[in-house]
Amino acid sequence: MRSVLLIEDDIFDTMTAQKSFARFSVPHTLYTAFNGEEALDLLLGRQGQTALRPLPEVILLDLNMPRMNGAEFLAELRADPELCDIPVFVTTTSGMDTDRAAAEAMGVHGYILKPLDFETSPDLIDSLSLLEHLLK
């Protein structure tokens, strides 16, 4: 089963992404986690979770979250030999060039402005093209 993991603490943003995946018939299961800790539990099968297998093809990662933020999660993901190659796209409300540069310095594959409403955000074209290519 092909999948995408969305790590997002805002329920509205999560629902918007779920609706966009459904509206465009994205042929992937969308899994969600509220923060980096929950995502690692899902990926590694910790805290009573069944490990997500096969691994998701892409992770959509919010940077500002409680408990374990996106940068902390990304550091742990990249340190794990089994998980380190999963492509990660940062999702954020910040369009500032300095934030984009900081995300790229963390080794992400793309930078997507929220909300994840793929139909109405013209700024998403480049990142979504890359995301679409990765999901083929």
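Look up: the structure comes first, before these words.
Given the structure is predicted, the values throughout are model-derived calculations rather than measurements.

Draft legend 1. Structural context of the pattern of salt bridges. Scanning all chains against the criterion turns up 4 salt bridges. Glu57 serves as the salt-bridge partner of Arg2, at 2.7 Å between the closest nitrogen and oxygen. Pair noted here: Arg2 is in the segment before β1 (3-7) and Glu57 is in the loop between α2 (36-44) and β3 (58-62), with a separation of 55 residues, a long-range link. You can call Arg2 partly exposed: its relative accessible area is 34%. Close ionic contact of Arg53 with Glu82 constitutes a salt bridge, the shortest N to O distance being 2.9 Å. Taken as a pair, Arg53 in the loop between α2 and β3 and Glu82 in the loop between α3 (70-79) and β4 (88-92) lie far apart in primary sequence, 29 residues in all. Note on Arg53: relative accessible area 39%, which makes it partly exposed. What makes Glu82 partly exposed here is its relative accessible area of 45%.

Draft legend 2. Inspection of a nonpolar patch on the surface at higher detail. Among the surface-exposed residues, Ile11, Phe12 and Met15 lie close enough to one another that they form a single nonpolar patch of about 340 Å² accessible area. Checked against the element boundaries, Phe12 lands in helix α1 (residues 11-23).

Draft legend 3. Structural view of the side chain of Thr91. Summarising the element assignment, Thr91 is placed in strand β4. Residue Thr91 is classed as buried on the basis of its relative accessible area of 0%. Here the side chain of Thr91 touches Asp62 through a polar contact of 3.4 Å, landing on its backbone nitrogen.

Draft legend 4. Geometry of the side chain of Asn35. Looking at the secondary structure, you find Asn35 in the loop between β2 (29-33) and α2. Judged by its relative accessible area of 0%, Asn35 is buried. A distance of 2.9 Å separates a polar side-chain atom of Asn35 from the backbone nitrogen of Glu37.

Draft legend 5. Inspection of the nonpolar core at higher detail. Within the largest apolar cluster, 24 residues are counted, with the highest numbers of intra-cluster contacts made by Leu5, Ile7, Ile59, Leu61, Phe73 and Leu77. Where this core is concerned, the elements lending two or more residues are β1, α2, β3, α3, β4 and β5 (110-113). Here this core gets 4 residues from one element, more than from any other, and that element is α2. Formed by 9 residues, the second largest nonpolar core is a distinct cluster that contains Val4, Leu6, Ala17 and Leu60.

Draft legend 6. Spotlight on the environment of Leu6. Relative to the helices and strands, Leu6 resides in strand β1. Along the primary structure Leu6 and Ala33 are separated by 27 residues, whereas in three dimensions their C-alpha atoms are 6.4 Å apart.

Definitions and limits used
- Residues numbered from 1 in each chain as written.
- Predicted model: local features only at pLDDT ≥ 70, side-chain atom pairs only at ≥ 80, totals over all residues.
- Heavy atoms only, no water.
- Salt bridge = Lys/Arg side-chain N within 4 Å of Asp/Glu carboxyl O.
- Helix = DSSP H or I, 4+ residues; strand = E, 2+ residues; numbered from the N terminus.
- Buried < 20%, exposed > 50% of the residue type's maximum accessible area, 1.4 Å probe, protein only.
- Patch = residues over 30% accessible without salt bridge, like charges linked within 9 Å, V, L, I, M, F, W, Y side chains within 5 Å.
- Areas by Shrake-Rupley, 256 points an atom, 1.4 Å probe, with all protein chains shown as cover.
- Polar contact = N/O pair within 3.5 Å; in protein donor to acceptor, adjacent residues only side chain to side chain.
- Core = buried A, V, L, I, M, F, W, Y, C linked by side-chain atoms within 4.5 Å.

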